[in-house]
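Residue strings, one per chain:
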Amino acid sequence: MKTIIKSTLLIIAVMLGLSFSSCNDNSDPVDSKTEQEFYSCYAVVSDLQDAGSMNICTPVVIKLYLNWTKGNASMDITGLSLGGKTCPKISMTDIPWGSSEGVWGEAYSKNPTMVTSSTGITPSVEDLRLRWVDRMDFIPVAGKYDPGCVFSFVIDGRYSVIGSRQPFLFAGSTKTTDQSGNVYETLKPVYAIGLDFTNNVADIVIKNAQFQEGMPHLTMRFSSIPFTIKDGGTRIELAKESLIPSIGDAPQSSYPISDLQATITPGSGMSISFKCDFRNQAVYNVNANVDYTSYGEVLKDY
């Protein structure tokens, strides 16, 4: 089964156009290798010796080199800062990897083999874990290759690092309950959540928003929603009491949004709830549970 899954992932990699290389001498078989880059990442760095100390590093870039034949990986990470100082590129090798939950790849090592940096520094890394999902068939919706990923590790026994890619792009079930208790469910909306770490606010764009039968599919934007990083980066909570959504660049004061609450779990998905007041005539309660891979219904329109 593991061989079948890896073969399938290799086919996906070929279709993605990920760069390949191979090595061979007269006695060893050719190894199939790929390399790919996870850009637009951020990392939450917590000082384990200073409770409450937390630093957001962005942009962080991860370069992943996979040996499909041997089932091991190498990884380069840039963009981190520790204790107020820029961290040199972290390079690791001989990391076992395989499949997780069918469509996810996962590289994990308790004590990965470290490579000395150009500055002569060799950091210590423990409990390295990277999970990613390529979502090649999602490209028509996203408009580009937009993998999901989540990573974590500890540096020098002191700094906990937890991060992901953003903007997050999720799909799944959106349920709307009207004032009479009738529930309308749709699987068409796509939620894009962009985080502004400088101002600690987020924007949420809902493509194909539809809260009742017959309502046209709209692209709605909720702007400047405060967010908080929780548990060292394992959760991100968003909340705003009231806001005016926009459709295109036009504010829609006739459709005010209230009681917005959302929780993002990097590597898993997002739950979100809010109320939409339709021209002071009806209030709709909207609840959505969305994730990285539940976009099958969305693809039918592409």
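Up top is the structure.
Residues numbered from 1 in each chain as written. Predicted model: local features only at pLDDT ≥ 70, side-chain atom pairs only at ≥ 80, totals over all residues. Heavy atoms only, no water.

Asker: Any chance you could explain the pattern of salt bridges here in plain terms?
Answerer: Under the defined criterion, the tally for this structure stands at 14 salt bridges. Note that Glu237 is salt-bridged to Arg235, the shortest N-O span being 2.3 Å. When its relative accessible area of 25% is taken as the criterion, Arg235 is described as partly exposed. A salt bridge links Lys300 to Glu297; its shortest N-O distance comes to 3.0 Å. Of the residues examined, Lys300 reaches a relative accessible area of 58% and is grouped as exposed. A single salt-bridge network, built from bridges that share partners, covers Lys188, Glu297, Lys300 and Asp301. (Salt bridge = Lys/Arg side-chain N within 4 Å of Asp/Glu carboxyl O. Buried < 20%, exposed > 50% of the residue type's maximum accessible area, 1.4 Å probe, protein only.)

Asker: Looking at this model, I keep getting lost on unusual backbone geometry. Mind explaining?
Answerer: Peptide bonds are, in most cases, trans, and in most cases residues other than glycine have a negative phi. Of note, the bond from Thr58 into Pro59 is cis; its omega dihedral lies within 30 degrees of zero at 0 degrees. Among the secondary structure elements, Pro59 is positioned in strand β3 (residues 54-67). Although it is not a glycine, Asp156 sits at a positive phi angle of roughly 55 degrees. Secondary-structure assignment places Asp156 in the loop between β11 (148-155) and β12 (159-165). Even without being a glycine, Ser224 presents a positive backbone phi close to 55 degrees. Along the chain, the position of Ser224 falls in strand β17 (residues 218-230). On the accessibility criterion, Ser224 (39% relative accessible area) is partly exposed. (Helix = DSSP H or I, 4+ residues; strand = E, 2+ residues; numbered from the N terminus.)

Asker: Please explain the packing of aromatic side chains as it appears in this structure.
Answerer: Geometrically, a pair of aromatic rings is defined through the distance of the ring centres and the angle of the planes. Summed over all chains, the structure comprises 13 aromatic pairs. With a centroid separation of 6.4 Å and an interplanar angle of 70 degrees, the aromatic rings of Tyr42 and Phe168 are classed as edge-to-face. A residue pair is termed long-range when its members are at least 10 positions apart, and Tyr42 in strand β2 (residues 33-47) and Phe168 in strand β13 (residues 168-177) qualify at 126 residues. The two residues Tyr42 and Phe168 agree in class, both being buried. Seen in terms of ring centroids, Phe197 and Phe227 are 5.8 Å apart; in terms of plane orientation they differ by 90 degrees. Their pairing is edge-to-face. Taken together, the residues Phe197 in the loop between β15 (190-196) and β16 (201-209) and Phe227 in strand β17 connect sequence positions 30 residues apart. Taken together, the ring pairs connect Tyr42, Trp104, Phe168, Phe170, Phe197, Phe227 and Tyr292 into an aromatic cluster. If you follow Arg131 out to its NZ or CZ, it ends over the ring of Trp104, 4.3 Å from the centre. Sitting over the face of the ring of Tyr39, Arg165 holds its NZ or CZ atom 4.5 Å from the ring centroid. (Phe/Tyr/Trp six-rings, centres within 6.5 Å; stacked < 30°, edge-to-face > 60°. Lys NZ or Arg CZ within 6 Å of the ring centre and 35° of its normal.)

Asker: Which parts of the structure should I look at to understand the nonpolar core?
Answerer: Among the nonpolar cores identified, the biggest contains 37 residues, and Ile193, Phe222 and Leu238 are the most heavily contacted of them. Tallying contributions element by element places β17 first for this core, with 5 residues. When neighbours within four sequence positions are excluded, Leu238 is seen to be in contact with Ile193, Ala202, Ile204, Ile225, Pro226, Phe227, Leu260, Gln261, Ala262 and Ile264. Counting residues in hydrophobic clusters, the runner-up holds 32 residues, among them Trp68, Met75, Trp97 and Val161. (Core = buried A, V, L, I, M, F, W, Y, C linked by side-chain atoms within 4.5 Å. Contact = heavy atoms within 4.5 Å.)

Asker: Help me understand the environment of Trp97, please; the structure alone is not making it clear to me.
Answerer: Looking at where Trp97 falls in the secondary structure, it is placed in strand β7 (residues 90-100). By relative accessible area, which is 7% here, Trp97 ends up buried. Measuring from C-alpha to C-alpha, the distance between Trp97 and Asn72 comes to 5.5 Å, with 25 residues separating the pair along the chain.

Asker: I would appreciate a short explanation of the pairing of strand β8 (residues 104-109) in the present structure.
Answerer: Every regular strand shows the same layout, with side chains that alternate between the two sheet faces. Across the 6 residues of β8, 5 count as buried, placing the element largely inside the fold. Examined bridge by bridge, β7 and β8 share 4 bridges and lie antiparallel to one another. Each bridged residue has a counterpart across the sheet, and for Ser99 the counterpart in β8 is Gly105. The hairpin turn running from β7 into β8, its antiparallel successor, is 3 residues long, and Glu101 in that turn takes a positive phi close to 55 degrees. Taken together, the 5 bridges between β8 and strand β10 (residues 125-133) define a ladder with antiparallel strand orientation. Bridging from a neighbouring strand, Ala107 pairs with Leu130 of β10. (Pairing = 2+ DSSP bridges.)

Asker: Would you mind going over the environment of Cys57 with me for this structure?
Answerer: Structurally, Cys57 can be placed in strand β3. Residues Cys57 and Ile272 lie 215 residues apart in sequence; the distance between their C-alpha atoms is 26 Å. Those residues in contact with Cys57, other than ones at most four positions away along the chain, are Cys41, Tyr42, Ala43, Val45, Gly79, Leu80 and Ser81.

These results come straight from atomic positions and should not be treated as a statement about function.
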